[in-house]
Amino acid sequence: MSVRQAPTYQQGAPERTIDDDSDVEEEALANDYREQVGYSNGDEYDLDRSASLGGGLQDLQAQLVNAATPLEYGATLDVKIHSYESYCNLFDYILNSDGPVDIEMPSYFWAWEAIDEFIYQFNSFCSYRQRLAYQQSTTSANEEEVAILRENPSTWECYSVLNVLYSLIQRSQITEQLAARKRDEDPTPFAGKYGSRSLYQMLGYFSIIGLLRVHCLLGDFSLALKTLDDIELNKKAMFARVMAANFTTYYYVGFSYMMMHRYADALRAFSHILVYVSRTKNFQKGAQYDSISKKNDQMYALVAICVAFYPTRLDDTIHTALREKYGEQLTRMQRGGPEALPIFEELFRSACPKFINPTAPDFDNPQINVDPTEHQVAIFMEEVKNNMYSPTVRSYLKLYTTMDLTKLAGFLEVDADTLRSWLLVTNSDQDKSDIVKVDFLRVM
Amino acid sequence: MGVAFDLCPDRPDAIDQILNGLNRYNPETTTIFQDYVASQCENQTYDCYANLALLKLYQFNPHLSKDDTVTNILVKSLTVFPSADFGLCLSLLPPYVLAAKEKSSGPPSSGSIAEAVQHLSVLHRLLNNAQYAEFWSTLDGDDLYADLVADVQGFEEIMKIRIAVVVSQCMQEVERRVLEQWLNLNGAKFDTFVKEICGWNVDESMVKIPLNKENEARGTVVRENVKFDQFSRMVKRAYEQPA
């Protein structure tokens, strides 16, 4: 069998540049070809592939570029699975070679783009698999794909994705380096023989941000934030130099805070980055800016939600933009009551990340493979329902300093017991509301 | 700033080490965490961050998941309402436990984890809506609840104290009749609890709660601290030559 032809074919391919679309297509073709040859002869194929990694320099560069390049829209399942294998091989080569490998990064942004794409593919693969498993019962799902997924439960496995990220962090000793930097010391002595190379340093650093993202996707918001313990969130942070990384970090930090009901902190995170974007957008024309503009809108939606929960003063630029984008929704959310619920849900759905399950879905029980996003929406909406009447109560609290409980109950058209509960809810979490503790509580 | 969310002064060193290392993903640590949950239930301590780590292990290894431990963790997180802990625990549970109730497929089968979680969610909702009287009647109204909270030592006592804390943060005076319902206590027991444990004054029909940091009326002052560093650019500009 012509297993050996596969790498040769690839090596013969012209050197790629990132922006050259036709080459990406060619690469997909090459992948496809290699796969077809490879499947009949699994083991030998694997061996050969890893050997080819260490081989030609050109080939390696192609692998690197590939790792940072998005898959084509509508890529087939085979391509997705194969892409996973390529990542495994590449990271295995970087992590487990004899000593640090000497590779030139194709671009300054490469490390971020590779980690970003790696997690993005993981995320969309998991969502796709989950959806397919769930739809099995209702529609005529693609039987062939279901069969492939059944047979490969360990493709894009969560443990191995985490393993890659943690290993990159450990190898690069980035935590030690960041700790030194925090103490205002020179990080170099802590870097070790891997971490002193910029390839490892960058990969390690962006893996921390990758972990933040993966934990958040899995619904573990406290661990997500804990991951960033070593990173200083300020303009001097390393990620601030890569706009997309900067943006992603604040989105997930803010979102995690929001899910932990720490709205003030969430708002601080969102405001920081949104102000930054609005001030620099004139310099950020082009592709990089386009890709963040969707996330930009998502963050404004989250800001609207947080402000509805936690009325606060916003930066003027953000306030104006918020009114422009979500003015009507914000007014309705701030009015509270049951009519506001659909708005909260709609905004949350449009702005939340695509949550995933860490394990492969249960193909034998399609109905239990509920979309994890639905789960998080349900949890979030529960919190919204609890605070549904707070805005209404608050509007009266602003007006009065002393009033009879029954009188206020009359205004709100509820009985005194219900109102007592509303007041307790409105007042009980100081972190949530900075509302004035009014005098009239005494008449109770 | 408040206390860090992962801080727990009572946490044993061994647990702390696992939490800070990669062993937190090791399925073999599941039993250690399970024992730790059991000890929290017994000794009336609470460590949310460690419990979330166990739920995460269950999330990754569903076959290891123990329903009893999951419900115990949820019950423990109720004892610190109105914090976000209950929701954070739910976020790590498999999605089908909540979804069943929204479908028309009827209530989840009895004895299932979904049934238990949904029952506890009802308690959580009542607590967070400050419907304490309903909370007690719901708790007493279904035998399932008795089973669910059985492992958590002194659950009712803890809840009474927790409710008292929330009340003390928001009120200066409350009718005796109302507070009796909220605490599910009356007569001499009520007097003892309110006077001795809370240290509040009770007269005929009113309970007076001494002023504390949370319940006094005060205006909010918005203050922003700006460091000199943040102005450095502006100062620098002032010295620059005009272009």
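None of the values given here were measured: they were computed from a predicted structure.

Novice: How should I be thinking about the overall build of chain B in this particular structure?
Specialist: Of the regular secondary structure elements, chain B holds 13 helices and three strands. Of the contacts formed within chain B by residues at least 6 apart in sequence, a portion of 60% connects residues at least 24 apart. On chain B, roughly 12700 Å² of surface is accessible, and the fraction owed to carbon and sulfur atoms is 50%.

Novice: How should helix α7 (residues 143-151) of chain A be read in this particular structure?
Specialist: One full turn of an α-helix is made of 3.6 residues, so residues set three or four places apart face in the same direction. Residues and elements named next belong to chain A. Of the positions making up α7, those classed as buried are E145, V146 and L149. Burial along α7 is one-sided: seen end-on, the buried residues are contained in an arc of 100°. Among the exposed residues of α7, those oriented more than 90 degrees off its buried face are E143, E144 and E151. Looking at the buried side of α7, the elements it contacts are α5 (77-96) and α6 (110-135).

Novice: I tried to follow the packing of helix α4 (residues 67-78) of chain B against helix α7 (residues 113-128) of chain B on my own but got confused; where do I start?
Specialist: Each pair of packed helices can be summarised by the angle the axes make with each other and by the distance between the axes. All names here are of chain B. For the pair α4 and α7, the least separation of the axes is 10 Å and the interaxial angle reads 0°. Viewed along their axes, α4 and α7 adopt a mutual orientation that is roughly parallel. For the pair α4 and α7, contact is made by D67, V70, T71, L74, V75 and L78 and by I113, A116, V117, L120, L123, H124 and L127, respectively. For the contact of α4 with α7, a count of residues per class yields 10 nonpolar, two polar and one charged.

Novice: Can you walk me through the packing of aromatic side chains in this structure?
Specialist: The description of two aromatic rings rests on the distance between their centres and on the angle between their planes. One pass over the full model with this rule turns up 26 aromatic pairs over all chains. Between A:Y263 and A:F309, the ring centres sit 4.5 Å apart and the planes meet at 15°, which makes this aromatic pair stacked. A residue pair is termed long-range when its members are at least 10 positions apart, and A:Y263 in helix α14 (residues 263-280) and A:F309 in helix α15 (residues 287-309) qualify at 46 residues. A ring pair is formed by B:Y132 and B:W182, whose centres lie 5.7 Å apart and whose planes are at 85°; its orientation type is edge-to-face. With B:Y132 in helix α8 (residues 132-141) and B:W182 in helix α11 (residues 176-183), this residue pair connects regions lying 50 residues apart in the sequence. Classification of B:Y132 as buried rests on a relative accessible area of 1%. Given the relative accessible area of 5%, B:W182 is considered buried.

Novice: What is the right way to read unusual backbone geometry from this model?
Specialist: Peptide bonds are trans in most cases, and residues, glycine excluded, mostly fall at negative phi. The omega angle of the peptide bond from B:F81 to B:P82 is 0°, so this bond is cis rather than trans. In this structure, A:W156 is a non-glycine residue whose phi angle is positive, near 50°. Considering the arrangement of structural elements, one finds A:W156 in the loop between α7 and α8 (158-172). Despite not being glycine, A:Q173 shows a phi value in the positive range, around 50°. Residue placement: A:Q173 occurs in the loop between α8 and α9 (174-182).

Novice: Just checking my understanding: could you explain the pattern of salt bridges for this structure?
Specialist: Side chains that carry opposite charge are capable of pairing whenever their charged atoms lie near each other. All names here are of chain A. One pass over the full model with this rule turns up 18 salt bridges over all chains. Residue D364 is joined to R150 by a salt bridge in which the shortest nitrogen-to-oxygen separation is 3.1 Å. With a gap of 214 residues between them, D364 in the loop between α17 (341-351) and α18 (372-386) and R150 in helix α7 connect regions that are remote in the sequence. Here E374 ties to R349 by a salt bridge, and the two come within 2.9 Å at their closest N and O atoms. In this pair, E374 is assigned in helix α18 and R349 in helix α17, connecting sequence segments 25 residues apart. Here the salt bridges share partners, and the residues they tie into one network are R262, D265 and R268.

Calculation rules
- Residues numbered from 1 in each chain as written.
- Chains lettered and ligands numbered in written order.
- Predicted model: local features only at pLDDT ≥ 70, side-chain atom pairs only at ≥ 80, totals over all residues.
- Heavy atoms only, no water.
- Helix = DSSP H or I, 4+ residues; strand = E, 2+ residues; numbered from the N terminus.
- Contact = heavy atoms within 4.5 Å.
- Areas by Shrake-Rupley, 256 points an atom, 1.4 Å probe, with all protein chains shown as cover.
- Buried < 20%, exposed > 50% of the residue type's maximum accessible area, 1.4 Å probe, protein only.
- Arc of directions from axis to C-beta.
- Axes fitted to C-alpha atoms, helices over the stretch in contact; angles between N-to-C directions.
- Parallel < 35°, antiparallel > 145°, perpendicular 65-115°, else oblique.
- Nonpolar A, V, L, I, M, F, W, Y, C, P; charged D, E, K, R; others polar.
- Phe/Tyr/Trp six-rings, centres within 6.5 Å; stacked < 30°, edge-to-face > 60°.
- Salt bridge = Lys/Arg side-chain N within 4 Å of Asp/Glu carboxyl O.

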